Amino acid sequence: MLHLSIILLFILTSLTLYYIFLLHQRYQYFRRRAIPTPPFRFFFGHMKELWRVPSFHRQLETWTKQYGKIYGIYQGTSPTFVVSDPDFLQEVFVKQFLNFPARRQAFSGSKIRNVLSSSGATWRRHRHVINPTFSAAKLKMMSPLINGCITNVMEKLSDHGRNGNDFNIYIYYKRMTMDVICRCAFGIDTDLQNNPNNIFFKKVEEIFSRNIRLNPQNNSHISSARENCTVLVINT
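Note that this is a predicted model, so its numbers are computed, not measured.

Draft legend 1. Representation of the overall build of the protein chain. Counting its secondary structure elements, the protein chain contains nine helices and four strands. Each helix and strand of the protein chain, ordered N terminal to C terminal, gives the series α-α-α-α-β-β-α-α-α-α-α-β-β. The buried share of the protein chain, reckoned over its 236 residues, is 30%. If you take every contact in the protein chain between residues at least 6 apart in sequence, the share linking residues at least 24 apart comes to 53%. Summed over all atoms, the accessible surface of the protein chain reaches about 15800 Å², with 61% contributed by carbon and sulfur.

Quick look at the structure:
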């Protein structure tokens, strides 16, 4: 019995040490590639620090100023490139698309499968189907509709500018985005800048607020790449 306990303890210790070794190797991902990365904690990576800061996105912008337009962070043990270099993004998303076709699921656990919630071969199929909708000719046809939505929001912003009142611009961006989608995709003029209580807008807000609570990191655009690493795109 004693020998069995010793053997089990030895196996458990070996597995634990092997797991720690694998984690250590995982945390060498950026160092082996000479990619700068902020200081991080073992097992947590950078997530502890990102949880403590008021704004996930602002912290990434701060690190961008310190470490450059391309650097790495660890979401737990998952290596993630943080990128704000347009040339690098062009290389990954366009020129090297065949090598980086997959996408991380934006809404994990969702039963709905579309271009936002799917990944892998399913995402590629969805993307292939909708690509013709966004050809240069069709986007040009949409321009008057989009410009109309932009004009509406600019009028609201001009009113705030004349009055000197504080306001949350994110609300106007959300309404403008919904107006553009409704006009271009469904042929419906919702005019949310003047009709913020529109039922469609309220329901969409409910859907996205629920998913963002489940996935707080989805405040930025995320795209998966090769070698189990991720490219996190931020706007600067």
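Once the structure has been displayed, the description carries forward.
Draft legend 2. Here's a closer look at the pattern of salt bridges. In this structure the tally under the stated criterion is five salt bridges. E61 is the partner of R58 in a salt bridge, and the nearest nitrogen-oxygen pair spans 2.9 Å. A residue pair is termed a helical-turn pair when its members lie 3 or 4 positions apart in one helix, as R58 and E61 do in helix α4 (residues 56-67) at three residues. Residue classification places E61 among the buried positions, given a relative accessible area of 17%. Notably, a salt bridge pairs D159 with R162, separated by 2.3 Å at the nearest N-O pair. Of this pair, D159 and R162 both sit in helix α7 (residues 136-163), three residues apart, roughly one helical turn.

Draft legend 3. The arrangement of a nonpolar patch on the surface in detail. Where nonpolar side chains cluster on the molecular surface, the patch consists of L17, Y19, I20, F42, F43, F44 and W51 and spans about 750 Å² of accessible area. Residue contributions to the nonpolar patch peak at three residues, all from helix α1 (residues 2-26). Tracing the sequence through the fold places F42 in the loop between α2 (29-32) and α3 (47-52). Owing to a relative accessible area of 42%, F42 belongs among the partly exposed residues under this scheme.

Draft legend 4. Here's a closer look at the packing of aromatic side chains. Taken as a whole, this structure holds 12 aromatic pairs when the rule is applied. Ring-pair connections join several aromatic residues into one group, and the members of that group are Y27, Y29, F30, F40, F42, Y74, F81 and F88. R33 extends its terminal NZ or CZ atom over the ring of Y29, reaching a point 3.8 Å from the ring centre.

Draft legend 5. A look at the pairing of strand β2 (residues 78-83). Among the six residues that make up β2, six are buried, leaving the element largely enclosed by the rest of the structure. As paired elements, strand β1 (residues 70-75) and β2 share six bridges and run antiparallel to each other. The residue bridging Y74 from the neighbouring strand is P79, located in β2. The turn joining β1 and β2, which pair antiparallel and follow one another in sequence, is formed by two residues; a positive phi near 75° is taken by G76.

Draft legend 6. Main features of the nonpolar core. Ranked by size, the top nonpolar core spans eight residues in total: M47, L50, F56, L60, W63, Y71, I73 and V82. Mapped by element, the contributors of at least two residues to this core are α3, α4 and β1. Per-element tally for this core: the top contributor is α4, with three residues. Not counting the four nearest positions on each side in its chain, Y71 is found in contact with I35, P36, P38, L60, W63, T64, T80, F81 and V82.

Rules used throughout
- Residues numbered from 1 in each chain as written.
- Predicted model: local features only at pLDDT ≥ 70, side-chain atom pairs only at ≥ 80, totals over all residues.
- Heavy atoms only, no water.
- Helix = DSSP H or I, 4+ residues; strand = E, 2+ residues; numbered from the N terminus.
- Buried < 20%, exposed > 50% of the residue type's maximum accessible area, 1.4 Å probe, protein only.
- Contact = heavy atoms within 4.5 Å.
- Areas by Shrake-Rupley, 256 points an atom, 1.4 Å probe, with all protein chains shown as cover.
- Salt bridge = Lys/Arg side-chain N within 4 Å of Asp/Glu carboxyl O.
- Patch = residues over 30% accessible without salt bridge, like charges linked within 9 Å, V, L, I, M, F, W, Y side chains within 5 Å.
- Phe/Tyr/Trp six-rings, centres within 6.5 Å; stacked < 30°, edge-to-face > 60°.
- Lys NZ or Arg CZ within 6 Å of the ring centre and 35° of its normal.
- Pairing = 2+ DSSP bridges.
- Core = buried A, V, L, I, M, F, W, Y, C linked by side-chain atoms within 4.5 Å.

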